[in-house]
Amino acid sequence: MDRNFARVLALVLKSEGGWSDNPADTGGATMKGVTLANFRRYVKADASKADLRKIGDDQVATVYRRFYWDAVAGAELPDGVDYAVFDFAVNSGPGRAAKYLQASVGVSQDGRVGPATLAAVRARPAGVVVDQLCDARLAFLKRLPTWATFGRGWSDRVRSVRADALLMSAPATVSAPVQPAKPVPRPVPTPPSVETPTGNAPATEPAWPAPVGSGVPAAAKAGGIVAAVLLIAYAAWHHIAVALQGIF
């Protein structure tokens, strides 16, 4: 998406480096990946190599956006795919990058990323498109006659692009909200259990004998009976004693 332009441009510039004017490089003199031809086309028509070496950041962004990003419809591509196609375009040309993208999703290879290409790209997992495109790109680079000179650097670049593009294409994982711990209810204190002894008397009271009659203790009742018997016996003896006195 277009919001990724600044991010992917920063990644591309890590690979492009600074000044380069290697005779074996068919792109000619470049500064931060901007060729002299493109600098003249988009920034300064009569620019020299000295002018190119002093290119500003805003000028770099202008060239990359107009010549590469817009040419491959970077703003319309899914996250991750936009970076893989964009870097391919910077390294090997936007037309070739678009055709290889179209080949990887099975549409006509006309070199223009239009509605049909975008629909086919969006119908596939972004990670799958990234992998297929990077595989095809590396196979293309290995067929170039300059592979012996630049192959190691190109291979490292494609590997790095693949890794970063796959990270960008991965769906964001949403962490499940942490549920607050449920409060543990405090145990309600209960009175200590009392072991009930055999019978109906509670453990806290002495076990008395079962009541007799009206409820007077048996020992007390027995003492009363003895006292009554002795009283009667005394009365009878006294009566006999009085009667005997009258006779004698």
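Refer to the structure presented above.
What comes next is a walk through the structure. Residue positions are counted from 1 within each chain, in the order its sequence is given. Side-chain atom pairs in this predicted model are given and counted only at pLDDT of 80 or more, local residue features only at pLDDT of at least 70, and totals for whole chains, interfaces and linings cover all residues. For the side-chain quantities, the full set of heavy atoms in the structure was used; hydrogens and water were omitted.

**Describing the overall build of the protein chain**
What counts is decided by this rule: Strands are runs of DSSP state E lasting at least two residues, helices are runs of H or I lasting at least four, and both sets are numbered from the N terminus onward. When a residue's accessible area, from a 1.4 Å probe over protein chains only, is under 20% of the maximum for its type it is buried; when over 50% it is exposed; and in between it is partly exposed. We call two residues in contact when some of their heavy atoms are within 4.5 Å.
Scanning the protein chain from terminus to terminus reveals 10 helices and three strands. Ordering the α and β elements of the protein chain from the N terminus gives α-β-β-β-α-α-α-α-α-α-α-α-α. Here the protein chain holds 248 residues, and the buried ones make up 30% of them. Once local pairs closer than 6 in sequence are excluded, the contacts in the protein chain between residues at least 24 apart make up 57%.

**Regarding the pattern of salt bridges**
Just so we agree on the cut-off: We count a salt bridge whenever a side-chain nitrogen from Lys or Arg sits within 4 Å of a carboxyl oxygen from Asp or Glu.
Evaluated as defined, the whole model comprises 11 salt bridges. Between Arg 157 and Glu 16 there is a salt bridge, with its nearest N and O atoms 2.7 Å apart. Remark: Glu 16 occurs in helix α1 (residues 5–16) and Arg 157 occurs in helix α9 (residues 147–169); sequence separation between them is 141 residues. Exposure class is identical for Arg 157 and Glu 16. Each is buried. A salt bridge links Asp 21 to Lys 49, with the shortest nitrogen-to-oxygen separation between them at 3.0 Å.

**Topic: the side chain of Ser 92**
The topology assignment puts Ser 92 in helix α5 (residues 81–92). Residue classification places Ser 92 among the buried residues on the basis of a relative accessible area of 15%. Those residues in contact with Ser 92 that sit more than four places away from it in its chain are Phe 140 and Leu 141.

**With respect to the sheet that holds strand β3 (residues 34–35)**
Rules: At least two bridges found by DSSP between two strands is the condition for calling them paired.
An order of β1-β2-β3 is seen for the three strands of this open sheet, with the pairing classed as antiparallel. Each edge of the sheet is formed by a strand with only one pairing partner; in this case those strands are β1 (19–20) and β3. Two elements, strand β2 (residues 30–31) and β3, share two bridges in a ladder whose sense is antiparallel. The residue of β3 that forms the bridge with Thr 30 is Thr 35.

**Section: the packing of aromatic side chains**
How we decide: Here a Phe, Tyr or Trp ring, Trp counted by its six-membered ring, pairs with any other such ring whose centre lies within 6.5 Å, and the pair is stacked when the planes are under 30 degrees apart, edge-to-face when over 60, and tilted otherwise. Any Lys NZ or Arg CZ found within 6 Å of a ring centre and within 35 degrees of that ring's normal is scored as a charge over the ring.
Under the counting rule described, the total for this entry stands at 12 aromatic pairs. With 6.3 Å between their ring centres and 40° between their planes, Trp 147 and Trp 154 make a pair best called tilted. Since its relative accessible area comes to 24%, Trp 147 is described here as partly exposed. Given a relative accessible area of 15%, Trp 154 falls into the buried group. Taken together, the aromatic side chains of Phe 5, Tyr 42, Tyr 64, Phe 67, Tyr 68, Trp 69 and Phe 86 make up a single cluster linked through ring pairs. The residue whose ring lies beneath Arg 65 is Phe 5, and the NZ or CZ to ring-centre distance is 4.2 Å.

**What to know about α5**
Quick reminder of the rule: Given the number of residues in a helix, its expected span is that number minus one, multiplied by 1.5 Å.
For α5, spanning 12 residues, the distance from its first C-alpha to its last is 16 Å, which sits close to the expected 16 Å at 1.5 Å a residue. Counting buried residues in α5 gives 11 out of 12 residues, a clear majority hidden from the surface. For α5, the set of buried residues is Val 81, Asp 82, Tyr 83, Ala 84, Val 85, Phe 86, Asp 87, Phe 88, Ala 89, Val 90 and Ser 92. Those residues of α5 hidden inside the fold are in contact with α1, α4 (57–69), α6 (94–105), α7 (115–122), α8 (126–142) and α9. Of the residues flanking the end of α5, it is Gly 93, one or two places downstream, whose phi is positive at about 100°.

Just geometry here; none of it tells us what the structure is for.
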